[in-house]
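# Observations on the model geometry
Each chain, written out:
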Amino acid sequence: MGAISALLHEIIKDQQPPAQSGSKPVWRTTPWQGSTLAPILMDLLEGLNAPQQEAVKHGDGPLLIFAGAGSGKTRTLTRRVAHLIRERRVLPSRILAVTFTNKAAREMRERLEQLVGPQASRIWMGTFHAMCAQMLRISGHYIGIDARFVIFDTDDSTRLIKDILREENIDSDRYPPGRVLGRISDAKNNLRSPDDMTGTVKGPYERVVARLYAKYQERLRASRALDFDDLLGEAVRLLEASAEAREYWSERFLHILIDEFQDVNLAQFRWVQLLAQKHRNICVVGDDDQSIYAWRGANVKIILDFENTYTDAQVIRLEQNYRSTQNILDAAHGVISNNLGRKPKQLWTDIDAGVNLTLHGTTNASEEASWVVQQVRRLQRERDYNLADFAILCRVNAQSRPYEEAFMQARVPLKLVGTQRFYERKEIKDLIAYLKVLYNPYDNIALTRIINVPARGIGGVTIQKLDLAARESGRSMCDVILDESTADVVGGTARLKIASLRKLLQSLQNAAGEEVTIVGLLQKIIEETGYLQYLQQERTTESIDRTANVQEFLAAAALFDARLQAVPEATLSTLPEQPEEYGEAQRDEQAPFLGLFLESVTLDSEVEKAPGENSDAVTLMTLHSAKGLEFPIVFLVGMEQGLLPHARALWGEQAGADQLEEERRLCYVGLTRAREQVFLVYASQRTLYGRTEWTQPSQFLDEMPGQLLQRSGHAKLGATSARQSASDWDKPAANGSTFKPATSASATPPKFGVGDRLKHPSFGEGLVVSASAGGGPGEWVEVAFLAEGIGKKKLAVAYAPLEKVAD
DNA sequence: ATGCACGTACTTTTT
DNA sequence: GTACGTGCAT
């Protein structure tokens, strides 16, 4: 569980007896299965190739490791950390190892336990967000951050933006909350304050966003809340603004290691730089070819520029692949080598060529799905594969429906990964919101979330009044509600409702003071609010699920309690190797557990699986979720123009080479997940979002060496071979014969062109001022509407109800 | 204040 | 196709 699990690890491990001194050296080549108490004295260089060994042995100073897919990255990284500890005698507590996901952090910690024993728990290891949160809880006071801050997730942030839009009377159609939040997030990731943004506004739109950003920050602070981006940004601000904090923290870690470095944003990099400024022992590991999160602020340029930023950096390339057959690697390389913005490199393997990749075309998505099921069954018959050996990778979640149907029909178990996350379910978020209010009464977002859930007759108008009263008196809404003298801003029956809410809150606050377990507190909440009855009255099918989710949540909370209570309270405020600072850290007296619990649920969405849930099944997931995983057999489905590469990268508003290159990396990530065999599948006709369109096979298929592809189904017809080299696509077409969906015989022609007159039911008549090159699902037009106050709008032709008008 | 009906919009999702 | 949000009626 993120920072908390890191912390718990430290706490729990400290309870265990120290490692036996004088225990026998043990040499092992297989994963170690024994007790975690004895350090394993295996040779840390054993079984590593030359560049890997070099990476492990590298001494002081910056180190950049380009670690290709399947090149033994985690292995190298963990061995390096172990080497630092065992050979170079670096105290574990003075090593910082940062990952992007909790899963990666857990995995690394487990592996390190095998290499160095229990002292692994003392390494600062976790996600950027968790590490920054921890730093801010400890030292945030230097820059005025309350140690009891709560963390807003995206949902909380969106609610806050909506509130602000409503207050500011800004049309949320012109300023969609998600978009605004995206702009704010971009700014934060690039360490730009509201003032910075205001100073450089380019137009009226940005001016409004900058104002909203300022408001948003103001409201976050008033709620004693930090959003995800703030955790990074404020940690940077802390290190920049406070010499004392900077002094301490840059002294604290002697070695810093960053995983998935291709995905860092500026804030993250800056944070690392500040921490590493003294010793410059910064080791970064990544693969520019696997950077697929640019849309979330990741900046590949940082890894590409690392050698310029640290001119003395040693650069190591891990290009030997231990996962895939040479054919798979060749196909992958054929694709990725078309990217211009990358470091030249090429994976190779000792494993033999293996079988060809299969390219199969079908008529539509449901045929595509049933063909895949058949292949799964065939392969299972021919060789003894488990279902878990198969993965179906898609570009968008919307592709999953036909698969669910086909697998259901064929009675082959199918597991959908990463669809909806546990802590994001409404019922869970409601309960968490109750906890948040109890932990931090300033959290108005949490309060408004639960103020009328379950329904207790408090509606929008009342909430507005309370909110106004709160802000006018500079207090929290919770305060206003709890204070009888101020709550009478509302009149009539609402006053009674507020009175009973007051009683509820008071009672829960008492419970929070008395209850020593999270489960106990949650049970009180559920009981006093009648939450289960509320769930049950809703609808039968869903309410069963939701009730079960609540039970699961209680179980997770109980597990948390059990872990925490296995540990004397005193250890909570004292971490190993840590001078006073920790003791002084303002940990809450009343609710230490609550704070830890809340942090773990917002920073770590991964919920521990109940045992027995690991039944054998085929996995279906997006390419994004597949990063870092591997499967013997991989199906890349929906290999079509408009899906992979996605329409938005191809024909969308900001389509461009960068976007196309990211799609290509996505394709590359997909291919390199496979150990033995890849099936590339497409459908000539696809229904997406209720609309059926003709499709073209993906241009990326043309980038794979043709002799590696075994064609079947429609692919035998050679539909893809007519196409020119797809790299022509990156540049403007040189001549008329170059393939282009807009001009290709079978692609959907665009419905509108520049200069066309059209009509929209709500905006009225307008003139097309610019338009996408192609037709089909990605077609868009920019329309200048004639009516006053509407202005120009970009519209997706597939979705907007546009009618052509004769001029 | 709540419930229903219609219209509308639509990638990816580590934290 | 469906989920969500707005607007209207109760």
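Use the structure listed above.
The text that follows walks through the structure, step by step, so that each part is easy to find. Because the structure is predicted, anything quoted here is derived from the model rather than measured. For every chain, the first residue of the written sequence is number 1, and numbering continues from 1 onward in sequence order. Going through the entries in the order they are written, you letter the chains from A and number the ligands from 1. Restriction of local features to residues with pLDDT of at least 70 applies here, the model being predicted, together with a cutoff of 80 or more for giving and counting side-chain atom pairs; totals for whole chains, interfaces and linings are based on all residues. Excluding hydrogens and water, the side-chain figures rest on all heavy atoms present in the structure.

Neighbouring DNA strand B are 32 residues, the closest being N102, R296, R395, R421 and T622. A molecule or strand has a residue near it when one of that residue's heavy atoms lies within 4 Å. Put simply, 51% of the atoms of DNA strand B that lie within 4 Å of the protein are in sugar or phosphate. Here R395 contributes a side-chain N or O atom positioned 2.6 Å from a base oxygen of DNA strand B. Contact distances for DNA strand B include 3.0 Å between a phosphate oxygen and a backbone N or O atom of G459. Numbering of helices and strands runs from the N terminus, with a helix taken as a DSSP run of H or I at least four residues long and a strand as a DSSP run of E at least two residues long. Looking at the surface near DNA strand B, the elements that each hand over two or more residues are helix 20 (460-472) and helix 28 (623-626). Looking at the surface near DNA strand B element by element, the count peaks at three residues for helix 20. Counting of polar contacts relies on pairs of N or O atoms within 3.5 Å, with two restrictions inside protein: one atom must be capable of donating a hydrogen and the other of accepting it, and residues adjacent in sequence are counted only when both atoms are side-chain atoms.

A few words on the packing of helix 5 (residues 128-139) against helix 12 (residues 266-276). Helix-helix packing is characterised by the crossing angle of the two axes and by the distance between the axes. Between N-to-C directions, angles span 0 to 180 degrees; the directions come from axes that are lines fitted to C-alpha atoms, helices contributing only their stretch in contact. Where helix 5 meets helix 12, the axes come as close as 12 Å, and the angle between the chain directions of the two elements is 55°. What the angle tells us is that helix 5 and helix 12 run oblique. Our pair here, helix 5 against helix 12, has a crossing hand that is left-handed. Each of F128, H129, M131, C132 and M135 in helix 5 lies in contact with helix 12, whose residues at this interface are Q268, W271, V272 and L275. Any angle that falls under 35 degrees is termed roughly parallel, while one over 145 is termed roughly antiparallel, one within 65 to 115 roughly perpendicular, and all others oblique. Left-handed describes a crossing in which the near helix is turned anticlockwise from the far one by less than a right angle; the clockwise case is right-handed. By definition, residues are in contact when any of their heavy atoms lie within 4.5 Å.

In this section: helix 23 (residues 518-529). Multiplying one less than the number of residues by 1.5 Å gives the expected span of a helix. Across its twelve residues, helix 23 extends 16 Å between first and last C-alpha, which sits within 8% of the 16 Å expected from 1.5 Å per residue. Buried means the residue's accessible area, taken with a 1.4 Å probe over protein chains only, is under 20% of the maximum for its type, while exposed means over 50%, and partly exposed covers the values in between. The complete set of buried residues in helix 23 reads I518, V519, G520, L521, L522, I525, I526 and T529. For helix 23, the side-chain oxygen to backbone nitrogen distance between the N-cap and G520 is 2.9 Å, and the N-cap itself is T517. G530 sits one or two residues past helix 23 and shows a positive phi near 65°.

Read from one edge of the open sheet, seven strands run 11-12-10-13-14-9-17, paired in parallel fashion. Edge strands, defined here as strands with exactly one partner in the open sheet, are strand 11 (414-416) and strand 17 (709-713). Ignoring strand direction, the axes of neighbouring strands in this sheet form an average angle of 25°. Two elements, strand 10 (residues 390-394) and strand 12 (residues 618-622), share four bridges in a ladder whose sense is parallel. For A391, the partnering residue across the bridge sits in strand 12 and is T619. Against the sheet, helix 15 (residues 326-336) makes contact with strand 9 (357-362) and strand 14 (674-683), and its axis sits at roughly 50° relative to strand 14, the strand it touches most. The pairing criterion is simple: DSSP has to find at least two bridges between the two strands.

Right, let's talk about helix 12 for a bit. Counted residue by residue, helix 12 has eight buried out of eleven residues, so it is predominantly covered. By the burial criterion, the buried members of helix 12 are A267, Q268, F269, W271, V272, L274, L275 and A276. At the N-terminal end of helix 12, a side-chain oxygen is found 3.1 Å from the backbone nitrogen of A267, two or three residues along, and the residue is N265.

With that settled, consider the sheet that holds strand 7 (residues 282-286). Read across the open sheet, the six strands follow the order 3-2-6-7-1-8; overall the sheet is parallel. Single-partner strands in this sheet number two, and they are strand 3 (124-127) and strand 8 (314-318). This sheet shows a mean twist of 15° between the axes of neighbouring strands, independent of strand direction. Here strand 2 (residues 95-99) pairs with strand 3 via four bridges, running parallel. Across the sheet, the residue bridging to T99 is T127, located in strand 3.

Position of K188 among the secondary structure elements: in helix 7 (residues 177-189). Of the residues examined, K188 reaches a relative accessible area of 4% and is grouped as buried. Remark: the alpha-carbon pair of K188 and E107, spanning 81 residues in sequence, is separated by 29 Å. When near neighbours in sequence (up to four residues on either side) are disregarded, K188 contacts Y213, Y216, Q217, L220, D227, D229, D230 and A267.

Turning our eyes to something else, we now look at the nonpolar core. As used here, the term nonpolar core means buried Ala, Val, Leu, Ile, Met, Phe, Trp, Tyr and Cys residues forming a set that is joined through side-chain atoms within 4.5 Å. In terms of nonpolar packing, the biggest core is built from 78 residues, with L435, I451, I518, L522, I525 and F553 touching the most fellow members. Ranked by residue count, the leading element in this core is helix 18 (residues 426-439), at nine residues. With sequence-adjacent residues up to four places away left out, I525 is seen in contact with L431, Y434, L435, L438 and L508. If you look at the next biggest cluster of nonpolar residues, it comprises 49 residues, including F66, W124, I143 and I145.

In this section: the packing of aromatic side chains. Paired rings are identified among Phe, Tyr and Trp, the last through its six-membered ring, by centres lying within 6.5 Å, and are further divided according to the angle between planes into stacked (under 30 degrees), edge-to-face (over 60) and tilted (the rest). The tally for this structure, following the rule as stated, stands at 21 aromatic pairs. Geometrically, the ring pair formed by F553 and F597 is tilted, given 6.0 Å between the ring centres and 40° between the ring planes. Residue F553 is found in helix 25 (residues 540-565), and its partner F597 is found in helix 27 (residues 592-603); the two are separated by 44 residues along the sequence. Taking the relative accessible area as the measure of exposure, F597 reaches 1% and is therefore buried. Seen in terms of ring centroids, F560 and F597 are 5.1 Å apart; in terms of plane orientation they differ by 75°. Their pairing is edge-to-face. Note that F560 is positioned in helix 25 and F597 in helix 27, a separation of 37 residues in sequence. Here the aromatic residues F422, Y423, F553, F560 and F597 are joined through ring pairs into a cluster of three or more. In this scheme, the term charge over a ring applies when either NZ of a lysine or CZ of an arginine sits within 6 Å of the ring centre and within 35 degrees of the ring normal. Here the guanidinium or amino end of R224 rests over the ring plane of Y442, the centre of that ring lying 3.6 Å away.

To continue, consider the packing of helix 15 against helix 30 (residues 657-671). Here helix 15 crosses helix 30 at 175°, and the two axes come no closer than 9 Å. On the basis of the axis angle, helix 15 is roughly antiparallel to helix 30. Here helix 15 contributes I328, A331, A332, V335 and I336 to the contact with helix 30, which in turn contributes R664, R665, C667, Y668 and L671. Looking at the contact of helix 15 with helix 30 residue by residue, the class counts come to eight nonpolar, no polar and two charged. In this classification, Asp, Glu, Lys and Arg are treated as charged, Ala, Val, Leu, Ile, Met, Phe, Trp, Tyr, Cys and Pro as nonpolar, and every other residue, Gly included, as polar.

Attention shifts here to the state of the cysteines. Two cysteines whose sulfur atoms are joined by a covalent bond form what is called a disulfide. Count a disulfide wherever a pair of cysteine sulfur atoms falls within 2.5 Å. This structure, assessed with the given rule, holds zero disulfides. Summary of cysteine pairing: C394 is not part of a disulfide, and the nearest cysteine sulfur, belonging to C667, is at 14 Å. C394 gets classed as buried once you look at its relative accessible area, which sits at 2%.

A few words now on the pairing of strand 14. Among the ten residues of strand 14, eight are classified as buried, and the element is accordingly described as predominantly covered. As judged from the five bridges shared by strand 9 and strand 14, these two strands associate in the parallel manner. Bridged to G361 within strand 14 is Y682. Sheet analysis places strand 13 (residues 631-637) next to strand 14, joined by six bridges and oriented parallel. Directly across from L636, in strand 14, lies its bridge partner L680.

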